Amino acid sequence: LESSNDSSDSRHGKACATRRVLSSPVGSTLDQSLLDEMLDFALSCMKDDKRSVKEAGCVAFGAAIGQCKDPAGALKQNESSFMSVMENSQEPMEVHQAIAKGLALCLTLSMDTVQDRISFFGLKLINACLKLALHTSQRVQFAFNDVLYLLLDVENGQAGLDAYCSKAMFDTTKQMKSLYTKVLLKIKEVTILDD
């Protein structure tokens, strides 16, 4: 996938194509060695200097983790890559939106493999999502609201919220309950794969 003389347009195109392949029905049939290669390529794109490449890499990275044979292990191994972008307040709004889309794709593509979404993401990553859903621009808030909606499985009741609250600290529990009641319950549907 990667070539040292690729232009930024080429890297962007490859990252977009990677995401498209992984999001399609073919994505679930790929062997782990090819998925690992795609994951490594998406990670290199996430670290790219060009914003368009970085954005496409963030989305492809989430899709690659979601299609891994062991998505929980892949997410745990690569959590710091997501966190470094999420915690960087200097990142443009569009990059944070791309990270949210990547995380939402990760959740959507791993639904058949992952039973406990709260343990899958872990408190550190969930709390970072909550922070961005509460403290940033409205477009970024909307993107991370979608992630939290999927993560807490809001359409199927309150069990996801209860699972989170049983593990989280009081302050973040209070924030999540407020967001859940005021925002997440009002979301009708989150469609990530239609984009």
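Residues numbered from 1 in each chain as written. Predicted model: local features only at pLDDT ≥ 70, side-chain atom pairs only at ≥ 80, totals over all residues. Heavy atoms only, no water.

**Topic: the nonpolar core**
Nonpolar side chains in soluble globular proteins tend to end up buried together.
Here's step 1: One finds Met86, Leu103, Phe121, Phe144 and Leu148 to be the most contacted residues of the largest nonpolar core, which totals 64 residues.
Here's step 2: Contributing elements (two or more residues each) for this core: α2 (32–46), α3 (51–67), α4 (71–86), α5 (93–109), α6 (117–135), α7 (138–151), α8 (159–167) and α9 (170–182).
Here's step 3: Setting aside chain neighbours within four positions, we find Phe144 in contact with Met86, His96, Ile99, Ala100, Leu103, Cys129, Leu132 and Ala133.
Here's step 4: Core analysis: the next-biggest nonpolar cluster, separate from the first, contains five residues, Ala15, Phe41, Val53 and Ala56 among them. (Core = buried A, V, L, I, M, F, W, Y, C linked by side-chain atoms within 4.5 Å. Buried < 20%, exposed > 50% of the residue type's maximum accessible area, 1.4 Å probe, protein only. Helix = DSSP H or I, 4+ residues; strand = E, 2+ residues; numbered from the N terminus. Contact = heavy atoms within 4.5 Å.)

**A word on the layout of surface pockets**
Here's step 1: Approximately 200 Å³ is the volume attributed to the largest pocket.
Here's step 2: Looking at the largest pocket, the residues that line it are Met86, Glu87, Asn88, Ser89, His96, Ala128, Lys131, Leu132, His135 and Thr136.
Here's step 3: Class assignment for the residues of the lining of the largest pocket results in three nonpolar, five polar and two charged.
Here's step 4: Here the second largest pocket defines a volume of roughly 160 Å³.
Here's step 5: For the lining of the second largest pocket, the elements supplying multiple residues, two or more each, are α1 (8–23), α3 and α5.
Here's step 6: Looking at the lining of the second largest pocket, its residues break down into five nonpolar, three polar and three charged. (1 Å grid on protein atoms, 1.4 Å probe; cavity = no way out; pocket = protein on both sides within 12 Å on 5 of 7 lines; lining within 4 Å. Points joined across faces, edges and corners; volume = space filled by probe spheres on them. Nonpolar A, V, L, I, M, F, W, Y, C, P; charged D, E, K, R; others polar.)

**A short note on the environment of Arg20**
Here's step 1: With respect to the secondary-structure elements, Arg20 resides in helix α1.
Here's step 2: Take Arg20: its relative accessible area is 49%, and that puts it in the partly exposed class.

**Thoughts on the pattern of salt bridges**
Here's step 1: Applying the stated rule across the entire model yields seven salt bridges.
Here's step 2: The salt bridge partner of Arg11 is Asp48, with a shortest N-O separation of 2.7 Å. Residue Arg11 is found in helix α1, and its partner Asp48 is found in the loop between α2 and α3; the two are separated by 37 residues along the sequence.
Here's step 3: Judged by its relative accessible area of 18%, Arg11 falls in the buried class.
Here's step 4: Residue Asp48 is classed as buried on the basis of its relative accessible area, which comes to 14%. (Salt bridge = Lys/Arg side-chain N within 4 Å of Asp/Glu carboxyl O.)

**Some details on the side chain of Glu91**
Here's step 1: Within the element layout of this structure, Glu91 appears in the loop between α4 and α5.
Here's step 2: Engagement of the side chain of Glu91 in a polar contact is seen with the side chain of Lys54, the distance being 2.8 Å. (Polar contact = N/O pair within 3.5 Å; in protein donor to acceptor, adjacent residues only side chain to side chain.)

**Comments concerning the packing of aromatic side chains**
Here's step 1: This model, assessed by the stated rule, comprises two aromatic pairs.
Here's step 2: Taking 5.0 Å as the distance between ring centres and 55° as the angle between the ring planes, the aromatic pair formed by Phe61 and Phe82 counts as tilted. Here Phe82 lies in helix α4 and Phe61 lies in helix α3, a separation of 21 residues in the sequence. Comparing Phe61 with Phe82, the two get one shared label, buried. (Phe/Tyr/Trp six-rings, centres within 6.5 Å; stacked < 30°, edge-to-face > 60°.)

**Here's the deal with α2**
Here's step 1: Taking 1.5 Å of rise per residue, 15 residues should cover 21 Å, and α2 covers 21 Å from first to last C-alpha, within 8% of that figure.
Here's step 2: Residues of α2 that are buried make contact with α1, α3, α4 and α5. (Expected span 1.5 Å × (residues − 1).)

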